[in-house]
Amino acid sequence: MKKLIVCSLSVIFLSLVAVIATPTFSQAQNSITVVKATTPAGQGPFDFTSTTAPTEFELDGGEQQLFDNLADGVYTITEMVPMGTDLVITSNEDECDGSDVVSNNLTGVSTITLDDAIEACDMIVTYTNNGNATIRINKITDPVDNAQQFGFTSDIPGESSFTITSATGLVVQNVLGGVYTVVENVTPGYTLTNITCNSSDTTVNLGNRSVTIEIDEDDDDITCNFTNTANGTIVIEKITDPAGATNFTFDEDITAPDGTFMLNDGQNMTFTDVAPGTYTVSERDPSVNPGGFFLSDLVCNDMGSTTNLGTRTVTIDLDADESVSCSFTNTAILSGLSFTTTDDPDPVVAGQQLRYESTIINNTNFTATDVLFTDNLPDGVIGDEILSNIPGVDCVFDTPFNPNNATCEIPDMAPGQEVSITVVVTPDPDVFNDAPTIIVNNATLNANPGNVELMTTTLTLVNPVVSISIDPEREEIRAQRNRTFTAVYDITVNPINGMVTLDNGTDEIQVRADALDVMFEATFPPEFNVDSVISSQGMCTIGTDPVIICSLGDINEGQTATITIIYIAPNQRGDFVFGSVVTSLLQTFDNFIFVSVRGDGSDCSIAAAGATGASNLLYLLIPMFIFTRRYWKKIVS
């Protein structure tokens, strides 16, 4: 019995030893690390999904996401590949026996299989995004300047600030998909006047000097041009007679809407770095402040700028990189005369009389003697006559045709006396036959004592003569009640030459020209409505009144513009008159058509049904007018 117990204990001990000595097998724990890389570096964020927690996450370039304590199995990691990038997925699957990674660079999907029964697998999957877009920033200057440097700021990778010229520009390649903003810095001496890009995926803000670029397609190549115009200079000079006068005050809108400055004789105000545009400078009434002066002359060295002696204002048209100088000349009232010249009409049509009226006022306390008026007339005008408001003024043209000067000897002028001289000329239509032209008339006044010399400059726009015909397709139209009908007008600029009689009674050969700023106006009775208007050029509108207005722009000599109007006849019979007028550069041409509204095609009645009194009489007269008009046309033709 004792031996049996000992044997039993031995078996139990050996069994325990066997259990302790038997090795224990357990499943290893794995991990997946997702690494984000970008070229250029540091871009993001990029969106990911996963079949294990976290199921959604974001990574910037250089960041990573760890999934640990993973059992053997299959896991999927997916990047939402943004447009404008090329994705490359790599892994260290060779370091994990039995595990592998299957990736699709186009879809961004990686299928990761973890299967290592003994050792844990630390799988690393790297997603590298390479940009495939290009951004180009170009500089354009007016005038061209390849040396001027222009600074920019942006959030384009690696280009937070850069400088370019009109000869260099900036090209950034391998840009990842995303939204980028480029802002131009202020450059002294230049004004940013335009920003244009070759893609609709851009937003321009000229006021903020910026453009926002969205890269949302593969292989985008976006070019943006920043245009800068060189600023100019404006100089305002003060001249007085006699010299040495002080405290002349000016108002200007160059620096601000209510800018002011003051000048003494011989001084000038210089405005630099002025953006191209239109500006006004006015002198306050010098007879009040400083007192005793009037503005006798106002001259600028720029043909695009205009002056107005009456309002003492110059309007300056400053172009790119231009310097405009204007001089304001004031003459003491006690030592001279007041002298002004106006033109009427302005603009004037060649062949139409143009009147230059000069007014001379003796504002002194003494008699003005040896008063001589000289009008230096523009080239290309014909002298018609010279008129004066007082007797005894001896005036003459130096030549009867195309004069250079008109002179008048004026009797002594007593203090306070006013003399008006009107020089009447006609711009020669054979000279002004091509395009609108500005002519310059300079008039000079000399007088004693003091050897006063004053001058006025008057600019007048001369428009060439044109001949325009309005030819309706049908001069008489028969329409049915409540039905539509069509009126077609051909507006033709006649190319032929012809003889015209000028206002002074002389006959001259007229040379036709292109018609500029042509306007067509069709009037119709209020009983009618307009269905539609079609013009071969320009644009037409239907007014609230029974009128159609078409802005046709320019029509070349010998060319025709056609206007088609579809009217809706009223529900009443009658005969109606439709008018048409064409204007071009103050010249007017007209025509009209007749419309007879009937109940149906068999109704040949002339008078309108239901018309009474004066209206019946009017409708009876219309056929007589039509017959007379046809007869007259046959005679003329």
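Predicted, not measured: the structure shown is a model, and the values here were computed from it.

Topic: the layout of surface pockets
Here's step 1: Empty space within the largest pocket amounts to approximately 730 Å³.
Here's step 2: Taken together, 31 residues line the largest pocket, and the ones lying closest to its centre are Thr 307, Asn 308, Leu 309, Gly 310 and Thr 457.
Here's step 3: Looking at the lining of the largest pocket, the elements that each hand over two or more residues are strand S24 (293-300), strand S25 (306-308), strand S28 (338-344), strand S36 (437-448) and strand S37 (452-463).
Here's step 4: Among the residues forming the lining of the largest pocket, the class breakdown is 13 nonpolar, 14 polar and four charged.

Examining the pattern of salt bridges
Here's step 1: Taken as a whole and assessed by the stated rule, the structure comprises seven salt bridges.
Here's step 2: Among the salt bridges present, the one from Glu 184 reaches Arg 209, with a minimum N-O distance of 3.8 Å. Residue Glu 184 is found in strand S14 (residues 178-184), and its partner Arg 209 is found in the loop between strand S16 (202-205) and strand S17 (210-215); the two are separated by 25 residues along the sequence.
Here's step 3: Judged by relative accessible area, which is 2%, Glu 184 ranks as buried.

As for the sheet that holds strand S9 (residues 122-131)
Here's step 1: As summarised here, the arrangement of the four strands in space is S4-S1-S9-S6, forming an open sheet in which the pairing is mixed. In this open sheet, the two strands that pair with only one neighbour each are strand S4 (64-70) and strand S6 (85-91). Within the sheet, the average angular offset between the axes of one strand and its neighbour, ignoring direction, is 15 degrees.
Here's step 2: Pairing analysis gives five bridges linking strand S1 (residues 30-39) to S4, with the strands arranged antiparallel. Counted as the bridge partner of Ile 32 is Phe 67 from S4.

Concerning a negative patch on the surface
Here's step 1: On the surface, a cluster of negative charge is contributed by Asp 142, Asp 317, Asp 319 and Asp 321.
Here's step 2: When you line up the elements, Asp 317 lands in strand S26 (residues 313-318).

Some points on the confidence of the model for the protein
Here's step 1: Here the protein shows a mean pLDDT of 85. Residues at 70 or above account for 85%.
Here's step 2: Ignoring residues within four places in sequence, the model shows residues 1-26, a span with pLDDT below 50, making one contact including any to other chains.
Here's step 3: Ignoring residues within four places in sequence, the model shows residues 631-637, a span with pLDDT below 50, making one contact including any to other chains.

Conventions used here
Residues numbered from 1 in each chain as written. Predicted model: local features only at pLDDT ≥ 70, side-chain atom pairs only at ≥ 80, totals over all residues. Heavy atoms only, no water. 1 Å grid on protein atoms, 1.4 Å probe; cavity = no way out; pocket = protein on both sides within 12 Å on 5 of 7 lines; lining within 4 Å. Points joined across faces, edges and corners; volume = space filled by probe spheres on them. Helix = DSSP H or I, 4+ residues; strand = E, 2+ residues; numbered from the N terminus. Nonpolar A, V, L, I, M, F, W, Y, C, P; charged D, E, K, R; others polar. Salt bridge = Lys/Arg side-chain N within 4 Å of Asp/Glu carboxyl O. Buried < 20%, exposed > 50% of the residue type's maximum accessible area, 1.4 Å probe, protein only. Pairing = 2+ DSSP bridges. Axes fitted to C-alpha atoms, helices over the stretch in contact; angles between N-to-C directions. Patch = residues over 30% accessible without salt bridge, like charges linked within 9 Å, V, L, I, M, F, W, Y side chains within 5 Å. Areas by Shrake-Rupley, 256 points an atom, 1.4 Å probe, with all protein chains shown as cover. Lys, Arg positive; Asp, Glu negative; His and termini not counted. Charge placed at Lys NZ, Arg CZ, Asp CG, Glu CD. pLDDT = per-residue confidence, 0-100. Contact = heavy atoms within 4.5 Å.

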